[in-house]
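Fold and geometry: a report
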Amino acid sequence: MENDNMMKLHCYGCGAELQNTAPDQTGYIPKADMHSGDLLLCQRCYRLQHYGVQREVATYNGEFKKILAHAKKSKSLIVYVIDLFAFSSSIVSEIHELIKDNKVLIIANKRDVLPREINDEKLKQHVKARLLETGLDVKDIIIASAHKNYNIDEFMQYIDDFKDGRDVYVVGASSVGKSSIINSFLKVYKNETKNVITTSPYPGTTLDVIKIPLNNKSYIYDTPGIIVDKSIYSHIENKILKYIAPRREIKPRTFQINDNQSIFIGGLARLDFLKGHRSGVTFYISNEIDLHRTKLERADQIFDSVIANHKIKPTSLMITGVESLEAHTVDLPYQDVDIIISGLCTIKINGKGQKFRIMAPRGVEVMVAESKI
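Residues numbered from 1 in each chain as written. Predicted model: local features only at pLDDT ≥ 70, side-chain atom pairs only at ≥ 80, totals over all residues. Heavy atoms only, no water.

This brings us to the overall build of the protein chain. When its secondary structure is counted, the protein chain shows nine helices and 16 strands. Among the 373 residues that make up the protein chain, the fraction classed as buried is 53%. Here the contacts in the protein chain between residues at least 6 apart in sequence split such that 71% fall between residues at least 24 apart. Summed over its atoms, the accessible surface of the protein chain is roughly 17,900 Å², and 47% of this surface lies on carbon and sulfur atoms. (Helix = DSSP H or I, 4+ residues; strand = E, 2+ residues; numbered from the N terminus. Buried < 20%, exposed > 50% of the residue type's maximum accessible area, 1.4 Å probe, protein only. Contact = heavy atoms within 4.5 Å. Areas by Shrake-Rupley, 256 points an atom, 1.4 Å probe, with all protein chains shown as cover.)

Here it is as structure tokens:
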């Protein structure tokens, strides 16, 4: 069989084993492309690289505990990538116990989408403190942007200092930019500009562990992105992610609101001001998401209407109206606080005992924390 001759061939984009018999399955490549002489790219990765589309969220092979157990045994460097914008939803606390005995480098990615006035050192302190709360004590943190090649040279130097006989495992949640970080590194480190790892804004892009040689002794392993259930990313369809995940510097938007007013966060969530004195609320959110203020007494009716008629951007097939949302009521302390809707936005408010209600998709984490912005 033709397919039998391909058993050891893998897609250079996602690492999946190639096959030519099942177009709907992982690793499919048309027979006509099998002997092209080029490095082979599966049909799914071809669509991602050339058109930015995929038909479904792909699954990945392997168990993360086994991957990290191998990294622990070999005393490999763990490069843990987190998303500075969707920070809380990019922390995968389940793996912290598995990596705490390794040397861990934190790459805090997507610096370019945060307002420039935020100090890098302050970001480092925030990342370190938040990880320490989860039981992971790290000393080495690089604030970076794969998109802008910001501090990728610092990452390169770190790898150079460590790689003598040691492997490097890149881990993190889906859509934090792991593969983009590696591609930025490779473009500089090996002057590689063509055959890079497949990346996209969708979760689940990396199907298997991708092994990239650093030298004849050590490798970088790009591991599958971990799905984080508490993030809004896990509760909406893929096409909506292009609105939620910012691709350029976000512009904070501030509203002065009275109690009994509501602010729609696209067709995805809502902030209701239930009780308190007039307050300023600042949204740190993708510029592509509409914010709309209305009276609280008519908020349910208007919210359902703007979704049904697509009068607000974005709307999701997974959120059909108020009945798709879950209410989280909070009484604010007397200090600046951040209300975080996991993966969607951070809302900064000067707390003075006000009562707010956050309406978010069921299963998406809503938390209130001391302001870090």
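Let us look at helix α6 (residues 152-162). Those residues of α6 that fall on the buried side of the exposure criterion are Ile-152, Phe-155, Met-156, Tyr-158, Ile-159 and Phe-162. Each buried residue of α6 lies within a common arc of 160° when the element is viewed along its axis, so the set occupies one face. Those residues of α6 that are exposed and aimed more than 90 degrees away from the buried face are Asp-153 and Asp-161. (Arc of directions from axis to C-beta.)

Describing an aromatic ring pair means giving the distance of the ring centres and the angle of the ring planes. A complete count under the given rule lists five aromatic pairs for this structure. Counting every residue linked through ring pairs, the aromatic cluster contains Tyr-169, Tyr-219 and Tyr-221. Residue placement shows Arg-270 over the ring face of Phe-303; its charged tip is 6.0 Å from the ring centre. (Phe/Tyr/Trp six-rings, centres within 6.5 Å; stacked < 30°, edge-to-face > 60°. Lys NZ or Arg CZ within 6 Å of the ring centre and 35° of its normal.)

Moving on to the pattern of salt bridges. Under the defined criterion, the tally for this structure stands at 15 salt bridges. Linking Glu-249 and Arg-116 is a salt bridge whose minimum nitrogen-to-oxygen distance equals 3.0 Å. In this pair, Glu-249 sits in the loop between α8 (241-244) and β7 (253-257) while Arg-116 sits in the loop between β2 (104-109) and α5 (120-133), placing the two residues 133 residues apart along the sequence. The class for Glu-249 is buried, based on a relative accessible area of 15%. One connected set of salt bridges, linked through shared partners, spans Arg-270, Asp-272, Asp-300 and Arg-357. (Salt bridge = Lys/Arg side-chain N within 4 Å of Asp/Glu carboxyl O.)

If you trace the six strands from one edge of the open sheet to the other, you get β3-β2-β1-β4-β6-β5, paired in mixed fashion. Each edge of the open sheet is held by one strand with a lone partner, namely β3 (140-143) and β5 (210-213). Across the sheet, the mean angle from the axis of one strand to that of its neighbour is 20°, orientation sign disregarded. Here strand β1 (residues 77-83) pairs with β2 via six bridges, running parallel. (Pairing = 2+ DSSP bridges. Axes fitted to C-alpha atoms, helices over the stretch in contact; angles between N-to-C directions.)

On to the sheet that holds strand β15 (residues 355-361). Pairing is antiparallel in the open sheet, where five strands are placed in the order β11-β8-β9-β15-β12. Strands with a single pairing partner mark the edges of an open sheet, and in this sheet they are β11 (291-295) and β12 (325-331). Direction aside, the axes of adjacent strands within the sheet are offset by 20° on average. As judged from the five bridges shared by strand β8 (residues 261-265) and strand β9 (residues 269-275), these two strands associate in the antiparallel manner. Within the sheet, the bridge partner assigned to Ser-262 lies in β9 and is Asp-272.

Its location among the elements puts Ser-316 in the loop between α9 (299-308) and β12. Under the relative-accessibility criterion, Ser-316 is labelled buried at 6%. Within polar-contact distance, the side chain of Ser-316 engages the side chain of Glu-237 at 2.6 Å. Polar contacts involving the side chain of Ser-316 include one to the main-chain amide nitrogen of Met-318, which spans 3.0 Å. (Polar contact = N/O pair within 3.5 Å; in protein donor to acceptor, adjacent residues only side chain to side chain.)

Further remarks concern unusual backbone geometry. Along the chain, Lys-313 connects to Pro-314 via a cis peptide bond; the corresponding omega equals -5°. In this structure, Lys-75 is a non-glycine residue whose phi angle is positive, near 55°. Checked against the element boundaries, Lys-75 lands in the loop between α2 (64-73) and β1. Backbone geometry at Asn-151 places phi at a positive 65°, although glycine is not the residue there.

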